[in-house]
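Here is how the chains run, residue by residue.
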Amino acid sequence: MYIPSVNFHRTRSLAEASVLLEFYGSQSRILAGGTDLLVDLKAKRISTDHLISINHIASLKTITEENDALRIGALTTITQLDESQLVRDRFPSIVDATRVMAVRQVRNLATVGGNIASAVPCADLPPILTALNGSVVLWSNKGERIVPLRNFFLGPRRTDIHEAEILSGVIIPNSGRNFGAAYARFGLREGNAIAVAAVAASLTLSANGTINSACITLGAVAPIPKVVEEASNVLCGEKPSDALFAKAADATVAAADPISDVRGSAAYRRELVAVLAQRALSKALQRAEEDAQ
Ligand SMILES: Cc1cc2nc3c(=O)[nH]c(=O)nc-3n(C[C@H](O)[C@H](O)[C@H](O)COP(=O)(O)OP(=O)(O)OC[C@H]3O[C@@H](n4cnc5c(N)ncnc54)[C@H](O)[C@@H]3O)c2cc1C
């Protein structure tokens, strides 16, 4: 199976890439690490005449602290994210996701921007970045837009990226004190297995130990990384306990909309969500309690 013949454009700036995207319109695609796109082209799931490579835009490869937030450039690879001391210290829940993603060869190429922009329901970063209240930065020659991830995904492989826009990075706001988050996912084997079901959770504790705010998101069991508002309603204002987390897990299962496929039936995935929700909440609580010390 070969990649069909395409025109390849190597760009060196966002402005150059945006001009080409505008010019070639629906006949063009952005190429980052290529771990999704080249596979789709080979399998003829998609076709395109022009590949616009953004891989040489150095400004998209950095992880920085800016204005009380962490900014992750779109071309940051999964390996870079996984090995970043800044990310490990500030948002260990992101590393919950990166350490289970794919194998080294794929992780060295796969980018954060590609993982988000492809909007595949089983992608690992969108659920945790959404639970961390992250936003994407969308750049075009007309200007920059910042869109919260919870509004960004429109359906499987559909996002709010407009024509000629490039996802330039992700912004994760500082969480403040007493905050914890975690990502729990189930794959059929260790390494190179995509998620069968996943749950991300974040919570903040108030001074008296009750839950001040909470966010639960689903991965691989809904068309998008869905935010489960019903679970937040169960949790907020309550003292954390196993019984409370079991109730929140029930609300999370009710919000899931899994498919049945070779990796597992919808019923099996619902069982997984119940377990993963409780695991993610318990780990998030542990981190929030450590953060409070
Ligand atoms: C063997 C294998 C195992 C895998 N395992 C996992 C796994 O465990 N978990 C997981 O989540 N994923 C997994 N993946 C999927 C894949 O590696 C990720 O989704 C990857 O992060 C995509 O990034 P990329 O840079 O390769 O994107 P590309 O393939 O280059 O692009 C993907 C899509 O996003 C668009 N795009 C890319 N960058 C941008 C941008 N900056 N702005 C706008 N649009 C953009 C492209 O046009 C294309 O439509 C696996 C893939 C393979 C081949």
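Residue positions are counted from 1 within each chain, in the order its sequence is given. Given that the model is predicted, a residue must reach a pLDDT of at least 70 before its local features are reported, and side-chain atom pairs must reach 80 or more before they are shown or counted; all residues, however, enter totals for whole chains, interfaces and linings. Side-chain measures were taken over the full set of non-hydrogen atoms in the model, leaving aside hydrogen atoms and water.

Student: Could you clarify how one ought to interpret the side chain of Thr 79 in this entry?
Tutor: Within the secondary structure layout, Thr 79 lies in helix H3 (residues 78–83). In this scheme, a residue with accessible area under 20% of its type's maximum is buried, one over 50% is exposed, and one in between is partly exposed, where area comes from a 1.4 Å probe on protein chains only. Judged by its relative accessible area of 9%, Thr 79 falls in the buried class. Setting aside residues no more than four positions away along its own chain, Thr 79 makes contact with Arg 104, Arg 107 and Asn 108. By definition, any uninterrupted DSSP run of H or I lasting at least four residues is a helix, any uninterrupted run of E lasting at least two residues is a strand, and each is numbered from the N terminus. In this description, contact between two residues means that some pair of their heavy atoms is separated by no more than 4.5 Å.

Student: When you look at the domain arrangement of the protein chain in this model, what are you seeing that I'm missing?
Tutor: Interface size is commonly expressed as the accessible surface area that is lost when the partners come together. Structurally, the protein chain comprises domain 1 (7–52), domain 2 (61–173) and domain 3 (180–288). Centre-to-centre, using C-alpha coordinates, domain 1 lies 35 Å away from domain 3. Domain ranges listed in this record stem from an automatic or a database domain assignment.

Student: Before we go on, may I ask you to explain empty space enclosed by the protein in this structure?
Tutor: Using protein atoms alone on a 1 Å grid, points that fit a 1.4 Å probe yet trap it form a cavity, whereas open point sets bounded by protein on both sides within 12 Å along at least five of seven lines form a pocket; residues with an atom within 4 Å of a point count as lining. Grid points are joined across faces, edges and corners, and a volume is the space filled by probe spheres set on the points. In total, this model carries one cavity of 30 Å³ or more according to the counting rule given. If you add up the space inside the largest cavity, you get close to 60 Å³. In this structure, the largest cavity is lined by Ala 119, Val 120, Pro 121, Ala 123, Pro 126, Pro 127, Phe 153, Gly 155, Pro 223, Ile 224 and Pro 225. A class-by-class count of the residues in the lining of the largest cavity yields 10 nonpolar, one polar and no charged. Two domains share the lining of the largest cavity, each providing at least three of its residues, namely domain 2 (61–173) and domain 3 (180–288). Note on residue categories: nonpolar means Ala, Val, Leu, Ile, Met, Phe, Trp, Tyr, Cys or Pro, charged means Asp, Glu, Lys or Arg, and polar means any other residue, Gly included.

Student: Got a minute to help me understand the nonpolar core in this structure?
Tutor: One broad rule of soluble globular proteins: the nonpolar side chains tend to lie buried together. If you look at the biggest cluster of nonpolar residues, it comprises 39 residues, and the most contacted ones within it are Ile 94, Ile 116, Leu 125, Phe 152 and Ile 172. With four residues, helix H8 (residues 125–131) is the largest single contributor of residues to this core. Both domains that furnish three or more residues to this core are identified here as domain 2 (61–173) and domain 3 (180–288). In this structure, Ile 216, Leu 235, Leu 276 and Ala 280 belong to the second largest nonpolar core, which totals 34 residues. The definition of a nonpolar core used throughout is a set of buried Ala, Val, Leu, Ile, Met, Phe, Trp, Tyr and Cys residues joined through side-chain atoms within 4.5 Å.

Student: For this particular structure, what's the right way to read the pattern of salt bridges?
Tutor: Charged atoms that come close allow side chains of opposite charge to pair. Each reported salt bridge corresponds to a side-chain nitrogen of Lys or Arg within 4 Å of a carboxyl oxygen of Asp or Glu. Across all of its chains, the model carries 16 salt bridges by this definition. Across the pair Lys 142 and Glu 22 runs a salt bridge, and its minimum N-O distance is 3.4 Å. One end of the pair, Lys 142, is in the loop between strand E6 (135–140) and strand E7 (143–148); the other, Glu 22, is in helix H1 (residues 14–24), and 120 residues separate them in sequence. With a relative accessible area of 73%, Lys 142 lands in the exposed category. Between Arg 263 and Asp 261 there is a salt bridge, and its shortest N-O distance comes to 3.6 Å. Salt bridges sharing common partners tie together Asp 40, Arg 45 and Arg 157.

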